[in-house]
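Residues per chain, in single letters:
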Amino acid sequence: MRDEGSESVGASWPSKFKALFDGKLAIVTPVLWGAYIASSITMFFLNSWTPILAEASGHTPAQAALALSMLSVGGAAGCLAIGRLLDRYEIIAIAAVPLIASPLVACLGYAGLGDGAFLVAMLCAGFFVIGGHQGLNSSVGQFYPSAVRTTAVGWALSVAKIGSIAGPLIGGILLARDLPVQTLFLLVAVPP
């Protein structure tokens, strides 16, 4: 038995997708998608390669595993804090996040960071990289009318998968080239 509402939803899908590019959204949508891809590249690179890069920086395997945990803890805290900041300051809150995330990620590769400083840097990087990525989910809705908001968020999350795949893949390729750890962290700091 066919649901009567499903036909109208299916028929309106192309028009909802087209509405993502109407007027000023013709610029907003690709910019948001680019932000999602860039954010995903950095986030998934760090999630995939942090233990190996931490060990290559001279940290013990235990410290490397703890560093990945600190990245996640920082991300959870960042999600909560950035969500609150978005409520108060709207899109400006999420626009400032990459300006802080990039230098934090870049500093992760410096061999001079002791174990404690490295863990604090990982916590802070998680706060801004993962928290900022999740903050994008909340900010997308601010740009779109209610009728296409779910379509906009769905497409943005789908497009973000490009970065989710590319981040670990690029990381693997760069690791295979035996680049210095400092260079790898500098490169992953570029997308934010």
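Residues numbered from 1 in each chain as written. Predicted model: local features only at pLDDT ≥ 70, side-chain atom pairs only at ≥ 80, totals over all residues. Heavy atoms only, no water.

### Description of the environment of phenylalanine 127
Definition in use: The helix and strand labels rest on DSSP assignments: H or I over at least four residues marks a helix, E over at least two residues marks a strand, and numbering proceeds from the N terminus. Only protein chains enter the accessibility calculation, which uses a 1.4 Å probe; a residue whose area is less than 20% of its type maximum is buried, one above 50% is exposed, and one in between is partly exposed. Two residues form a contact once any of their heavy atoms are found within 4.5 Å.
As for its placement among the helices and strands, phenylalanine 127 is situated in helix 5 (residues 115–140). Residue classification places phenylalanine 127 among the partly exposed positions, given a relative accessible area of 22%. In this structure, the C-alpha to C-alpha distance between phenylalanine 127 and alanine 77, residues 50 residues apart in sequence, is 6.1 Å. In this structure phenylalanine 127 touches Gly74, Gly75, Ala77, Gly78, Ala81, Ile82 and Gly132, once residues within four positions along its chain are discounted.

### Topic: the state of the cysteines
Test applied: Throughout, a disulfide means two cysteine sulfur atoms within 2.5 Å of one another.
For the structure shown, the criterion picks out zero disulfides. Here cysteine 107 is not cross-linked by a disulfide; its sulfur's nearest cysteine counterpart is in cysteine 124, at 8.5 Å. Given a relative accessible area of 26%, cysteine 107 falls into the partly exposed group. On the basis of relative accessible area, cysteine 124 is assigned to the partly exposed category, the value being 28%.

### Comments concerning helix 5
The criterion, for reference: Any helix carries an expected span of 1.5 Å times its number of residues minus one. Here the bend at a residue means the angle between the axes of two seven-residue stretches, the one that ends at it and the one that starts at it.
The first and last C-alpha atoms of helix 5 sit 37 Å apart over 26 residues, in line with the 38 Å expected at 1.5 Å per residue. If you look at helix 5, its biggest bend is around 30°, right at glycine 132.

### Remarks on a nonpolar patch on the surface
As a reminder of what qualifies: Two joining distances apply to patches: 9 Å for like charges and 5 Å for nonpolar side chains (Val, Leu, Ile, Met, Phe, Trp, Tyr), and every residue must have over 30% relative accessible area and no salt bridge. The accessible surface values rely on the Shrake-Rupley method and a 1.4 Å probe; as for residues, cover is taken only from the protein chains in view. We define a salt bridge as a contact between a side-chain nitrogen of Lys or Arg and a carboxyl oxygen of Asp or Glu at a distance within 4 Å.
On the surface, a cluster of nonpolar side chains totalling about 310 Å² of accessible area is made up of Leu85, Tyr89 and Ile92. By the element assignment, isoleucine 92 lies in helix 4 (residues 91–107).

### Concerning the packing of aromatic side chains
Remark: the centre distance and the inter-plane angle together describe each pair of aromatic rings, the angle taken between the planes. What counts is decided by this rule: Here the aromatic set is Phe, Tyr and Trp, taking the six-membered ring for Trp, and pairing holds for ring centres within 6.5 Å; pairs whose planes are under 30 degrees apart are stacked, those over 60 apart are edge-to-face, and all others are tilted.
Counted under the stated rule, the structure contains five aromatic pairs. Note on tryptophan 33 and tryptophan 155: the rings are 6.1 Å apart at their centroids and 20° apart in plane angle, and the pair reads as stacked. One end of the pair, tryptophan 33, is in helix 2 (residues 25–56); the other, tryptophan 155, is in helix 6 (residues 149–176), with 122 residues separating them in the sequence. Owing to a relative accessible area of 15%, tryptophan 33 belongs among the buried residues under this scheme. When the centroid spacing of 4.9 Å and the interplanar angle of 65° are considered together, the rings of phenylalanine 127 and phenylalanine 128 count as edge-to-face. Overall, the relative accessible area of 18% leaves phenylalanine 128 in the buried class. The rings of Phe17, Phe21, Trp33 and Trp155 are connected pair by pair, giving a single aromatic cluster.

### Section: the packing of helix 3 (residues 61–89) against helix 4
We count it as follows: Lines are fitted to the C-alpha atoms to define the axes, a helix being fitted only along its stretch in contact, and any angle between axes, read from their N-to-C directions, falls within 0 to 180 degrees. Angle categories: roughly parallel below 35 degrees, roughly antiparallel above 145, roughly perpendicular from 65 to 115, and oblique for all the rest.
It is the contact of helix 3 with helix 4, at a shortest axis distance of 6 Å, that shows an interaxial angle of 130°. Between helix 3 and helix 4, the angle falls in the class oblique. Residues Ile82, Leu85, Leu86 and Tyr89 of helix 3 touch helix 4, and the partners they reach there are Ile91, Ile92, Ala93, Ile94 and Val97.

### What to know about the environment of isoleucine 52
Tracing the sequence through the fold places isoleucine 52 in helix 2. Each C-alpha atom, one on isoleucine 52 and one on valine 181, is 9.7 Å from the other, the two residues being 129 residues apart in sequence.

### Comments concerning the confidence of the model for the chain
Quick reminder of the rule: The pLDDT value expresses, per residue, how confident the predictor is, ranging between 0 and 100.
Here the chain averages 88 in pLDDT, while 94% of its residues score no lower than 70. Note that residues 1–9 has pLDDT below 50 and, in this model, one contact with residues that lie over four places away or in other chains.

### Side note on helix 2
Its 32 residues place the ends of helix 2 44 Å apart at the C-alpha level, agreeing with the 46 Å of an ideal helix rising 1.5 Å per residue. When the local axis directions of helix 2 are compared, the greatest deviation, roughly 60°, occurs at tryptophan 49, which is followed within four positions by the proline proline 51. In the segment just after helix 2, glycine 58 is the residue with positive phi, at about 100°.

### Some words on the nonpolar core
We apply this condition: The set of buried Ala, Val, Leu, Ile, Met, Phe, Trp, Tyr and Cys residues whose side-chain atoms join them within 4.5 Å is what this entry labels a nonpolar core.
Ranked by internal contacts, the top residues of the largest apolar core, which has 48 residues, are Leu46, Val105, Leu108, Val140, Tyr144 and Phe185. Of all the elements in the fold, those that place two or more residues in this core are helix 2, helix 3, helix 4, helix 5, helix 6 and helix 7 (181–188). No other element matches helix 2, which puts eleven residues into this core. Residues in contact with phenylalanine 185, not counting those within four places in the same chain, are Leu46, Leu53, Val105, Ala106, Leu108 and Gly109.

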